[in-house]
Amino acid sequence: MIDDVFQAAIDILNGGGQAAMSTIISSKGSLPMSEKSKMLVTPEGKIIGTVGGGCLEADVWTEARRVMEEGKSNIQQFVLTEKYAGESGLNCGGVVEILTEPLPEEGSDIFHAVLELKDKGRRGTLVTILTDHPSYPDGKRKMLLCDDGSTIGSLGDEGLEAFVTERGWDVLQGENFAAVDYRTEGGDALQLFMEPVLPTPTVYVFGGGHVSFFIVRAAKLAGFKVKVIDDRPAFANKERFPQADDTIVMELDEVRDAFDFGQDDYVVLVTRGHQHDQQILEQIYDCDARYVGMIGSKSKIAKMWKRLEAKGIDASYLNRVHAPIGLNIGADNPEEISISVVGELIMERRLGKVRHTRRKRSYDKRRDAARANA
């Protein structure tokens, strides 16, 4: 949904138009999900994205129309009374602040770079100056820090940009926005809003069996991208998994060279028989995936761990594998197992910690090479 907001902003700017973008910049109490924290109001009054819906969104829409006319940004504060919370599904009693701003002069380049980061499975931090200050006029208050250290846009202040680069690196390693204070060389106080640019996390499901069918459906509903990998064409195809973003047929002894898992990747091992799960795990036990989980009983997993340790794989690597996979909810059929698995993926995504962030070499090296040679 946020991707649609940025793309619409790019299209409007490239067409020489103007619009107003609204973003939730702080909250106490109830907070919408990250994909529901930004909206765009076009010159025609069309809304793209959302900041919660209901009366709250209606008032923000009115403010966006004013911002477009005057070209000056503004911050509104809303106490989520029954009026604002009821229709939007938010909880009463929270306080939300929303920034509404005209699109920046360099917005097309910045927003295009945001979408490129997300598309390539990379991260960044989008920085906005919130304080009204003559040295930082509307239209020149935004900069993007990418996870390779490069920046798009300029704040016109080397000291400020150096500060933003340092603090922005911490933000892009998490999933929460931050309001940061900065004091200029002249002693003026600025408040900065830093929001992480995050790719849609990808679940790699190894094995195209019956359990995988339901895992794919549940993971898509939870907002993940999903790729299914199997060595049998009949079990990895779009007809069998119409909701999957990709299906890959490959030999399972080539996994290490084919994928470069990063901190926004989740690996689920549910192949036929533990022989294939072990075969894959031997190749990726030290990978940088955010999550690695494997199906199987405790006794079978204990035996596999002994075999892997005998091959020289340290127990510290095996301890990070979620095995048996899924939350313990007493699941005993494929549908219930899929809920337990995806529940654990959500828990890791929302409550777990990113160990580090680095630029990935590619999405899937094997697929990139195949497409290049096609």
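Preceding block: the structure.
Quick caveat: nothing in here was measured; it's all calculated off a predicted structure. (Residues numbered from 1 in each chain as written. Predicted model: local features only at pLDDT ≥ 70, side-chain atom pairs only at ≥ 80, totals over all residues. Heavy atoms only, no water.)

Some points on the pattern of salt bridges
Tallied over the entire structure, the rule returns 20 salt bridges. Residue Arg66 is joined to Glu63 by a salt bridge in which the shortest nitrogen-to-oxygen separation is 2.6 Å. Taken together, the positions of Arg66 and Glu63, both in helix H2 (residues 54–70) and 3 residues apart, correspond to about one turn of that helix. For Arg66, a relative accessible area of 27% puts it in the partly exposed group. On the basis of relative accessible area, Glu63 is assigned to the buried category, the value being 10%. For Glu175, the salt bridge is made with Arg350, and the minimal N-O distance between the two is 3.6 Å. (Salt bridge = Lys/Arg side-chain N within 4 Å of Asp/Glu carboxyl O. Helix = DSSP H or I, 4+ residues; strand = E, 2+ residues; numbered from the N terminus. Buried < 20%, exposed > 50% of the residue type's maximum accessible area, 1.4 Å probe, protein only.)

Notes on a nonpolar patch on the surface
A surface patch of nonpolar side chains, amounting to about 480 Å² of accessible area, comprises Leu327, Ile329, Ile339, Met347 and Leu351. Summarising the element assignment, Met347 is placed in helix H11 (residues 334–351). In this structure Met347 comes out as partly exposed when scored by relative accessible area, which is 39%. (Patch = residues over 30% accessible without salt bridge, like charges linked within 9 Å, V, L, I, M, F, W, Y side chains within 5 Å. Areas by Shrake-Rupley, 256 points an atom, 1.4 Å probe, with all protein chains shown as cover.)

A short note on the pairing of strand E3 (residues 47–50)
Where strand E2 (residues 38–41) lies against E3, 4 bridges are found, and the strand directions are antiparallel. In the sheet register, Lys38 faces E3, and the bridge partner there is Thr50. In this structure, the hairpin formed by E2 and E3 is closed by a connection of 5 residues, where Gly45 is found at a positive phi of approximately 90°. (Pairing = 2+ DSSP bridges.)

A look at H2
Over its 17 residues, H2 runs 25 Å from end to end, which matches the ideal 24 Å to within 8%, given 1.5 Å per residue. Within H2, burial applies to Leu56, Glu57, Val60, Glu63, Ala64, Val67 and Met68. One face of H2 carries all of its buried residues, which in axial projection span an arc of 145°. Seen from the buried face of H2, the exposed residues on the opposite side, beyond 90 degrees, are Glu69 and Glu70. (Expected span 1.5 Å × (residues − 1). Arc of directions from axis to C-beta.)

Re the side chain of Glu161
Residue position: Glu161 is located in helix H5 (residues 158–172). For the buried Glu161, no salt bridge is present, and the opposite-charge side chain at shortest range is Lys140, 11 Å distant. Dropping the residues within four chain positions of it, Glu161 is found in contact with Met143, Ser154, Leu155 and Gly156. (Lys, Arg positive; Asp, Glu negative; His and termini not counted. Contact = heavy atoms within 4.5 Å.)

Topic: the pairing of strand E14 (residues 265–269)
Along E14, 5 of the 5 residues are buried, which leaves the element largely enclosed by surrounding structure. Relative to E14, strand E11 (residues 202–206) is paired through 5 bridges, and the arrangement is parallel. If you follow Val203 over to E14, its bridge partner there is Tyr266. Where E14 and strand E15 (residues 291–294) come together, 4 bridges link them in parallel fashion. Paired with Tyr266 across the two strands is Tyr291, which belongs to E15.

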